[in-house]
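Structural features, examined
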Amino acid sequence: METTKLSIFNISCGHCVMAIERELGEMKGISRVEGDAQKKEITVTWDAPASLEKIKSTLQEINYPAAG
Ligand SMILES: [Cu+2]
């Protein structure tokens, strides 16, 4: 199990966070997604078959690319 914190500059409000939580929450292997609209950060807890690469590409697809 891994926990990864990602900075997402496109987050502007709580709805953005909810959209991200919903999308990532549907991915296999992701057990927890927590967003912070103020810090523009999300914290994802995941395990195989999820991967950091898949998480990042999903974020990219929904137009919330992760920094770094
Ligand atoms: Cu928003």
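Please refer to the structure higher up on the page.
The paragraphs below set out a description of the structure included in this document. (Residues numbered from 1 in each chain as written. Predicted model: local features only at pLDDT ≥ 70, side-chain atom pairs only at ≥ 80, totals over all residues. Heavy atoms only, no water.)

Okay, the overall build of the chain next. Helices and strands together make up the secondary structure of the chain, namely 2 helices and 3 strands. What you see in the chain, going N to C, is helices and strands ordered as β-α-β-β-α. The C-alpha radius of gyration computed for the chain amounts to 11 Å, which stays within 12% of the reference 11 Å derived for 68 residues, consistent with globular compactness. Dimensions of the chain, computed from the C-alpha atoms along their principal axes, are close to 30 × 20 × 20 Å. In the chain, once contacts between residues fewer than 6 apart in sequence are set aside, the share between residues at least 24 apart is 56%. Of the accessible surface of the chain, which amounts to about 4300 Å², a share of 47% is contributed by carbon and sulfur atoms. Charged side chains in the chain number 8 positive and 10 negative. The centres of these two groups are separated by 2 Å. (Helix = DSSP H or I, 4+ residues; strand = E, 2+ residues; numbered from the N terminus. Rg over C-alpha atoms; globule rule 2.2 N^0.38 Å. Contact = heavy atoms within 4.5 Å. Areas by Shrake-Rupley, 256 points an atom, 1.4 Å probe, with all protein chains shown as cover. Lys, Arg positive; Asp, Glu negative; His and termini not counted. Charge placed at Lys NZ, Arg CZ, Asp CG, Glu CD.)

As a further point, take the pairing of strand β2 (residues 30-36). When β2 meets strand β3 (residues 41-46), the two strands line up antiparallel, connected through 6 bridges. Across the sheet, the residue bridging to R32 is T45, located in β3. Between β2 and β3, which pair antiparallel and follow one another directly, the connecting turn spans 4 residues, one of which, K40, has a positive phi of 55 degrees. (Pairing = 2+ DSSP bridges.)

Turning next to the side chain of T45. For T45, the location among the structural elements is in strand β3. With relative accessibility at 14%, the residue T45 sits in the buried group. In this structure T45 touches M1, E2, T3, G29, I30, S31 and R32, once residues within four positions along its chain are discounted. (Buried < 20%, exposed > 50% of the residue type's maximum accessible area, 1.4 Å probe, protein only.)

Moving on, we come to the nonpolar core. Judged by nonpolar contacts, the single largest core of 18 residues is most densely connected at L24, I30, I42, I55 and L59. Listed by contribution, the elements that provide at least two residues to this core are α1 (14-25), β2, β3 and α2 (52-61). No other element matches α1, which puts 4 residues into this core. Setting aside residues up to four positions removed in sequence, I55 forms contacts with L6, L24, M27, I30, V44 and W46. (Core = buried A, V, L, I, M, F, W, Y, C linked by side-chain atoms within 4.5 Å.)

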